[in-house]
Amino acid sequence: MSMLTPPGMGGQYRITGDKYPRMRRPRRHGRLVVLTVASVAVLGVGGWGTLQLIDVFTGGDGDSVSAAGTKATGTKAACATGPSPAAAPKALPEPGAITVNVLNATTRGGLAQKTADELKKRGFKIGEVANASKEYDKKVKGTGVLLGPVSALDTSLPVLGTQLAAAERRTDPARKGSEVDLVIGDAFRQLTKKADADRALTALAEPEPTPAPKKNC
């Protein structure tokens, strides 16, 4: 058997020619897989470490920083808040657009006419001047009652009320028209002083800003 005959072939086969088969080493697929997995693991650990460093230098969670910034801004804005804006001026009628009936519910004569003359000097229109109806005659213990239709509650009655600050205000749902009554009561002495009444009228038409509550900043 020739030395070139592979063992176990019993000399049945012979290798001829001047070329010999080359024996290749088996490919190492396992090693390549291991190297690939290791590379991925190294990259993952490196990326995680980078994120941790970013968190350290930026103060941690971005959402927390944003929330803190928003909170700080909100607190600063709240602390900087000044007085509340004044309410929009009300569309109130001028005294000359209000007709007042002056009614005397006391036992003192001439009181209704005297009061009506003073209201006229202050710009109000005067309607009826007489004694009060039975419903109010000798039954008003305070300075007076201002009476009008429901529509006068936030219009004519507040304006007339500046002339007699202590008077009670009432509305009558069944009453028609726009006239209002000033029913003089037992405690009446005189109308509010004109200077004070004028200031009350100005404040009624142009309310001042409401002071804002103090805050600890």
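This structure is a prediction, so every number in the text was calculated from the model and none was measured.

## A closer look at the environment of Gly-177
Phase 1: Note that Gly-177 resides in the loop between strand S4 (168-171) and strand S5 (180-184).
Phase 2: Here Gly-177 falls in the exposed class, since its relative accessible area comes to 54%.
Phase 3: Sequence separation between Gly-177 and Ala-152 is 25 residues; the distance between their C-alpha atoms is 9.7 Å.

## Here we look at the nonpolar core
Phase 1: Counting 21 residues, the largest nonpolar core has Val-100, Val-102, Leu-119, Phe-124, Leu-160, Val-180 and Leu-182 as the members making the most contacts within it.
Phase 2: Examining the composition of this core, we find that 4 residues originate from one element, helix H3 (residues 111-121), more than from any other.
Phase 3: Not counting residues within four places of it along the chain, the set of residues in contact with Leu-119 comprises Val-100, Val-102, Phe-124, Ile-126, Leu-160, Gln-163, Leu-182 and Leu-191.
Phase 4: Grouped together as the second largest cluster of nonpolar side chains are 8 residues, Ala-132, Tyr-136, Leu-147 and Val-183 included.

## Comments concerning unusual backbone geometry
Phase 1: For Lys-138, which is not glycine, the phi dihedral falls at a positive 60°.
Phase 2: Along the chain, Lys-138 falls in the loop between strand S2 (125-131) and strand S3 (144-148).
Phase 3: For Lys-138, a relative accessible area of 47% puts it in the partly exposed group.

## Section: the pairing of S5
Phase 1: Here S5 lies mainly inside the structure; 5 of its 5 residues are buried.
Phase 2: Across the two faces of S5 the burial is the same, with Val-180, Leu-182 and Ile-184 and Asp-181 and Val-183 all buried.
Phase 3: In this structure, strand S1 (residues 99-104) lies alongside S5, joined through 5 bridges in parallel fashion. Considered in S5, the bridge of Asn-104 is made with Ile-184.
Phase 4: Bridge count between S3 and S5: 4 bridges; the pairing is antiparallel.

## Remarks on the pattern of salt bridges
Phase 1: One pass over the full model with this rule turns up 7 salt bridges.
Phase 2: The partner of Asp-186 in a salt bridge is Lys-141, with the nearest N and O atoms 3.8 Å apart. Of the two residues, Asp-186 is situated in the loop between S5 and helix H5 (194-205) and Lys-141 in the loop between S2 and S3; the sequence distance between them amounts to 45 residues.
Phase 3: Judged by relative accessible area, which is 31%, Asp-186 ranks as partly exposed.

Conventions adopted
Residues numbered from 1 in each chain as written. Predicted model: local features only at pLDDT ≥ 70, side-chain atom pairs only at ≥ 80, totals over all residues. Heavy atoms only, no water. Helix = DSSP H or I, 4+ residues; strand = E, 2+ residues; numbered from the N terminus. Buried < 20%, exposed > 50% of the residue type's maximum accessible area, 1.4 Å probe, protein only. Core = buried A, V, L, I, M, F, W, Y, C linked by side-chain atoms within 4.5 Å. Contact = heavy atoms within 4.5 Å. Pairing = 2+ DSSP bridges. Salt bridge = Lys/Arg side-chain N within 4 Å of Asp/Glu carboxyl O.

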